[in-house]
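A structural walkthrough
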Amino acid sequence: LELLVRETLVARGLAKSGQLHEAALHYVRAPEQAAAIERLLPLLTEEEAGVYRRGRNSSHLNIPKSARPAEYRMATGMEVLFGYLHLKGEQARLRELFALAYPAPGGQ
């Protein structure tokens, strides 16, 4: 997920490391990922939804102060789903879901 975030930001013209880091936080913080997966849930296949649920329900919890437990679990599920698709080599589906999860500002 982080690689997709950084590729997207660089493609939008962010090249300075400080700007890139600040902009990346919008994508990788648990509350933002929770909102993004909410947009994706109705679009997931049965298999993808199952992978998401297993990731969301994992027993490991080390919740950051900036997130509620439910947000953190949802974010974890999203990262598991994206990792699963990456390992399966489904790059086109990964990019499709990423674009739907994080629509470009101004509809670009």
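About the thresholds
- Each chain carries its own residue numbering, running from 1 in the direction its sequence is written.
- Local features are withheld for residues below a pLDDT of 70 in this predicted model, meaning they are given only at 70 or higher, and side-chain atom pairs are given and counted only at 80 or more; totals for whole chains, interfaces and linings count all residues.
- Note: side-chain values were computed over all heavy atoms of the structure, leaving out hydrogens and water.
- In the sections that follow, a salt bridge refers to a side-chain nitrogen of Lys or Arg positioned within 4 Å of a carboxyl oxygen of Asp or Glu.
- Buried residues are those whose accessible area, probed at 1.4 Å on protein chains only, stays under 20% of the maximum for their type, while exposed residues exceed 50% and partly exposed ones sit between those limits.
- Secondary structure elements follow DSSP: runs of H or I no shorter than four residues count as helices, runs of E no shorter than two count as strands, and numbering proceeds from the N terminus.
- In this description, contact between two residues means that some pair of their heavy atoms is separated by no more than 4.5 Å.
- Centre distance within 6.5 Å is the pairing criterion for rings of Phe, Tyr and Trp, where only the six-membered ring of Trp is used; planes under 30 degrees apart are then read as stacked, over 60 as edge-to-face, and the remainder as tilted.
- Definition used in this section: a nonpolar core is a set of buried Ala, Val, Leu, Ile, Met, Phe, Trp, Tyr and Cys residues joined via side-chain atoms within 4.5 Å.
- The axes are straight lines fitted to the C-alpha atoms, using for helices just the contacting stretch, and the angles between their N-to-C directions are given from 0 to 180°.
- Any angle from 65 to 115 degrees is called roughly perpendicular, while one under 35 is roughly parallel, one over 145 is roughly antiparallel, and all others are oblique.
- Each crossing gets its hand from how the near helix is turned against the far one by less than a right angle, where anticlockwise is left-handed and clockwise is right-handed.
- For this classification, Asp, Glu, Lys and Arg are treated as charged, while Ala, Val, Leu, Ile, Met, Phe, Trp, Tyr, Cys and Pro are nonpolar and the rest, including Gly, are polar.

A complete count under the given rule lists 7 salt bridges for this structure. Here E90 and K88 are joined by a salt bridge, their closest N and O atoms 2.9 Å apart. K88 sits in the partly exposed class, given a relative accessible area of 39%. The closest approach of N and O atoms between R93 and E96, which form a salt bridge, is 3.1 Å. Taken together, the positions of R93 and E96, both in helix α6 (residues 91-101) and 3 residues apart, correspond to about one turn of that helix.

What follows is about the environment of M74. Within the fold, M74 resides in helix α5 (residues 69-87). Since its relative accessible area comes to 14%, M74 is described here as buried. Through-space distance from the C-alpha of M74 to that of E2 is 16 Å; in sequence the pair is 72 residues apart. Ignoring sequence-local partners within four residues, the contact set of M74 consists of A34, I37, E38, Y52 and R56.

Because the α-helix completes a turn every 3.6 residues, residues three or four places apart line up on one side. For helix α4 (residues 46-56), the full list of buried residues reads E48, A49, G50, V51, Y52 and G55. Lining the buried residues of α4 we find α3 (30-40), α5 and α6.

What follows deals with the packing of aromatic side chains. The final tally for this structure, using the stated rule, is 3 aromatic pairs. When the centroid spacing of 5.1 Å and the interplanar angle of 50° are considered together, the rings of F98 and Y102 count as tilted. The same class applies to F98 as to Y102, namely buried. Among the aromatic residues, ring-to-ring pairing joins Y27, F98 and Y102 into one connected group.

Glancing now at the side chain of E48. Within the element layout of this structure, E48 appears in helix α4. Non-local contacts of E48, meaning those with residues more than four positions away in its chain, are made with L43, L81, L85, R93 and L97.

Residues L81 and F82 are the most contacted members of the largest nonpolar core, which totals 25 residues. Of all the elements in the fold, those that place two or more residues in this core are α1 (2-11), α2 (17-28), α3, α4, α5 and α6. The leading source of residues in this core is α5, at 5 residues. With sequence-adjacent residues up to four places away left out, L81 is seen in contact with I37, L44, E48, V51 and L97.

Turning to the packing of α1 against α2, a few remarks are in order. It is the contact of α1 with α2, at a shortest axis distance of 10 Å, that shows an interaxial angle of 130°. By the angle class used here, α1 and α2 are oblique. In terms of crossing hand, the pair formed by α1 and α2 is right-handed. In this structure, α1 contributes E2, V5, R6, T8, L9 and V10 to the contact, and α2 contributes L20, H21, A23, A24, Y27 and V28. Counted by class, the contact of α1 with α2 contains 8 nonpolar, 2 polar and 2 charged residues.

Limitation: the analysis is restricted to geometry and does not speak to function.
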